[in-house]
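# Commentary on secondary and tertiary structure
Next come the chains, spelled out residue by residue.
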Amino acid sequence: MSAGETPITVIGNLTADPEVKFTPSGAALAKFTIASTPRIFDRESNQWKDGTTTFFRCAAWRSLAEHVAESVTKGSRVVAFGRIRQHNWQTPEGENRSMLALEIDEIGASLRFTTVAINGRQPADAANAWSTDQPSGDSKFSEQPPF
């Protein structure tokens, strides 16, 4: 992340399945929307109520885009981290328009209300870096990190 960028973390639910497209150079782009609704305690009624929902249009690129498309669907509760980007354009009628979007750097399932099984492909050198399995032929565990 560069200096001056606006980082943001959003927790919410996907409003639809991610849409994946590929650029002419072959880079994957996943577009999706996250709806985030705060819960507000109403002291008068002594109940929790939904606040105003904010919709975040999101984009993920390359391998992250493909992982998003394979991992989450409409309704999935996610925690997403990224940076705000402003997009400006002009309509065919000559009107200037702009919108804010969230360019995703990291995204994962929220475990607050569900469980997930991790089906990850890790780099070979990191696959068992923190394994607690005893190494063959060695009866001692090292207290040092494996890097």
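Up top is the structure.
Below or above, wherever it landed, is the structure these notes cover.

What counts and what doesn't
- Residues numbered from 1 in each chain as written.
- Predicted model: local features only at pLDDT ≥ 70, side-chain atom pairs only at ≥ 80, totals over all residues.
- Heavy atoms only, no water.
- Helix = DSSP H or I, 4+ residues; strand = E, 2+ residues; numbered from the N terminus.
- Buried < 20%, exposed > 50% of the residue type's maximum accessible area, 1.4 Å probe, protein only.
- Contact = heavy atoms within 4.5 Å.
- Areas by Shrake-Rupley, 256 points an atom, 1.4 Å probe, with all protein chains shown as cover.
- Phe/Tyr/Trp six-rings, centres within 6.5 Å; stacked < 30°, edge-to-face > 60°.

All right, on to the overall build of the chain then. Along the chain, the regular secondary structure elements total one helix and eight strands. The helix and strand sequence of the chain, counted from the amino end, reads β-β-β-β-β-β-α-β-β. In the chain, which comprises 147 residues, the share counted as buried stands at 20%. Contacts in the chain between residues at least 24 apart in sequence constitute 56% of all its contacts with a sequence separation of at least 6. Total accessible area on the chain stands at roughly 11300 Å², and carbon and sulfur atoms take up 50% of it.

Scanning the model with the defined rule gives one aromatic pair in all. When the ring of Phe41 is compared with that of Trp48, the centres are 5.3 Å apart and the planes differ by 65°; the resulting orientation is edge-to-face. Its relative accessible area of 34% is what places Phe41 among the partly exposed residues.

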